[in-house]
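# Structural overview for review
Letter by letter, the chains look like this.
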Amino acid sequence: MSLLEGVFSVLPTPFRDDGALDLESLRRVVDLFIGAGVNGLTALGVTGEVARLNDAERHKVLEAVIDQAAGRVAVVAGATADGLLTCIDYTRAAKDAGAAAVMISPPRLAKLNSDAVVRHFAGVAEAIDIEIVVQDFPPISGFTMEPALLARVAREIPRARTIKLEDPPTPFKTARILEATKDINVRIFGGLGSVFLLEELLAGATGAMTFAYPEILVEIVGAFRAGDVERAADVFYRTVPLMRFEFQEGIGMAIRKEVLRRRDALSSAALRAPGTKLDAVTIAALGRVLAWVHASYPMKMEASK
């Protein structure tokens, strides 16, 4: 559990312009993020276009990430599946590959209920000895996990006491979950592009799991955890325009990939079909917001080209 805190960068899955996997770029992204000071990496997540990968590609991506990380940071692997047995298979493969934890959302199921959700996570925990990050992201799972349900999962399944919370209002929900689990050690990561990161930290979150500029998150979370809330707030309010821009629904992953291409980590910003391609207006707007943030907050990083 001690590994699951701070800043975890969610990795993209790089593709070449023809749609083929680009593992060389993936290795560069891993090095870029680790060099930025992150505590860990998350592979095979929703924004990693995992739904567009076959099982052989999933294995190649996770293998490349863990090999390149080389024990420098913890790696969380996405293992969500609608079927319990498939979810267990993905979880076992992640553990065998060397992942420190898996991230799992509730299965998509008509008329899913709380008991079925608990049984799903319990089934994985009983089958595989590995930490589980419970991803609460209703737009993907189709199911809203109330604070009481997340608290129940944490109480009944000790391996599932880390949450990636992406159901706004996240600061409010963070506080409710932690109030309901005062006597156990529950960790909550903010997601949603970190646009509510400061408020999530104030509510008790352990860190963030998102974003293409991890240097910013590392400084915010580091300052906050050191007790310098004013510094954390200053960095957050200076840089949140970039987080907001990056987190646009429908094109957020394309924006993140374009940022990483400009940082010389990705050879191509391509998404696998039917992914979105940025238009000239959005690319110009990205250039403006990057320039503004760099001018407002001189980041300790290589400038975007």
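This one's a predicted model, so the numbers in the text were calculated from it and none came from an experiment. (Residues numbered from 1 in each chain as written. Predicted model: local features only at pLDDT ≥ 70, side-chain atom pairs only at ≥ 80, totals over all residues. Heavy atoms only, no water.)

### Observations concerning the confidence of the model for the chain
Cut-off, in case you're wondering: Values of pLDDT, which run from 0 to 100, indicate the predictor's confidence residue by residue. Contacts are assigned to residue pairs with any non-hydrogen atoms lying within 4.5 Å of each other.
Considering every residue of the chain, the mean pLDDT works out to 94; 97% of them sit at 70 or more. In this model, residues 301–305 is a region of pLDDT below 50 whose contacts with residues beyond four sequence positions or in other chains number 15 contacts.

### Brief notes about the nonpolar core
So the rule is basically this: Definition of nonpolar core: a set of buried residues of the types Ala, Val, Leu, Ile, Met, Phe, Trp, Tyr and Cys, connected through side-chain atoms within 4.5 Å. Classification of residues uses two cut-offs on accessible area relative to the type maximum, computed with a 1.4 Å probe and protein chains only: under 20% is buried, over 50% is exposed, and between them is partly exposed. Helix numbers and strand numbers start at the N terminus; a helix is a DSSP run of H or I with at least 4 residues, a strand a run of E with at least 2.
Judged by nonpolar contacts, the single largest core of 97 residues is most densely connected at Leu41, Val65, Ile132, Met145, Ile220 and Met243. The element best represented in this core is helix H10 (residues 229–246), accounting for 8 residues. Apart from the residues lying within four places of it in its own chain, the contact partners of Met243 are Gly193, Ser194, Val195, Phe211, Ile216, Leu217, Ile220 and Phe236. Leu4, Ala74, Val76 and Met103 belong to the second largest nonpolar core, which has 10 residues in total.

### Details of the sheet that holds strand E6 (residues 162–165)
Strand pairing in a sheet relies on backbone hydrogen bonds, with the paired strands running either antiparallel or parallel. Here is the rule we go by: Should DSSP find at least two bridges between two strands, the strands are regarded as paired. Every angle, taken between N-to-C directions, lies between 0 and 180 degrees, and every axis is a line fitted to C-alpha atoms, over only the stretch in contact when it is a helix.
With parallel pairing, 8 strands are arranged side by side around a closed barrel as E1-E2-E3-E4-E5-E6-E7-E8. When the angles between neighbouring strand axes are averaged without regard to direction, this sheet yields 25 degrees. Sheet analysis places strand E5 (residues 131–136) next to E6, joined by 4 bridges and oriented parallel. Across the sheet, the residue bridging to Gln135 is Lys164, located in E6. Sitting on the sheet, helix H7 (residues 170–180) is in contact with E5, E6 and strand E7 (187–190), with an inclination near 160 degrees to E6.

### Quick look at the side chain of Lys257
Inclusion rule: Definition of a polar contact: a pair of N or O atoms within 3.5 Å, with one able to donate and the other able to accept a hydrogen when the atoms are protein atoms, and with sequence-neighbouring residues admitted only if both atoms are side-chain atoms.
Checked against the element boundaries, Lys257 lands in helix H11 (residues 252–262). A distance of 2.9 Å separates a polar atom in the side chain of Lys257 from the backbone oxygen of Ala270. The residues contacting Lys257, other than those within four sequence positions of it, are Pro12, Thr13, Pro14, Phe15, Glu49, Leu266, Ala269, Ala270 and Leu271.

### Things to note about the environment of Asp136
On the secondary structure map, Asp136 appears in strand E5. Taking the C-alpha atoms as reference, Asp136 lies 31 Å from Ala285; in sequence the two are 149 residues apart. Polar contacts involving the side chain of Asp136 include one to the side chain of Lys173, which spans 2.6 Å.

### Considerations on the pattern of salt bridges
Put simply, the rule is: A carboxyl oxygen of Asp or Glu within 4 Å of a side-chain nitrogen of Lys or Arg is what we treat as a salt bridge.
Within this structure, the stated rule accounts for 25 salt bridges. For the salt bridge of Asp183 with Arg155, the shortest nitrogen-to-oxygen distance reads 2.8 Å. Residue Asp183 is located in the loop between H7 and E7, and its partner Arg155 is located in helix H6 (residues 147–156); the two are separated by 28 residues in the primary sequence. In this structure, the salt-bridge partner of Arg238 is Asp234, at a minimum N-O distance of 3.0 Å. One end of the pair, Arg238, and the other, Asp234, are both in helix H10, 4 residues apart, so they sit about a helical turn from each other. For Asp234, a relative accessible area of 30% gives the class partly exposed. Members of the salt-bridge network, linked through shared partners, are Glu219, Arg231, Asp234 and Arg238.

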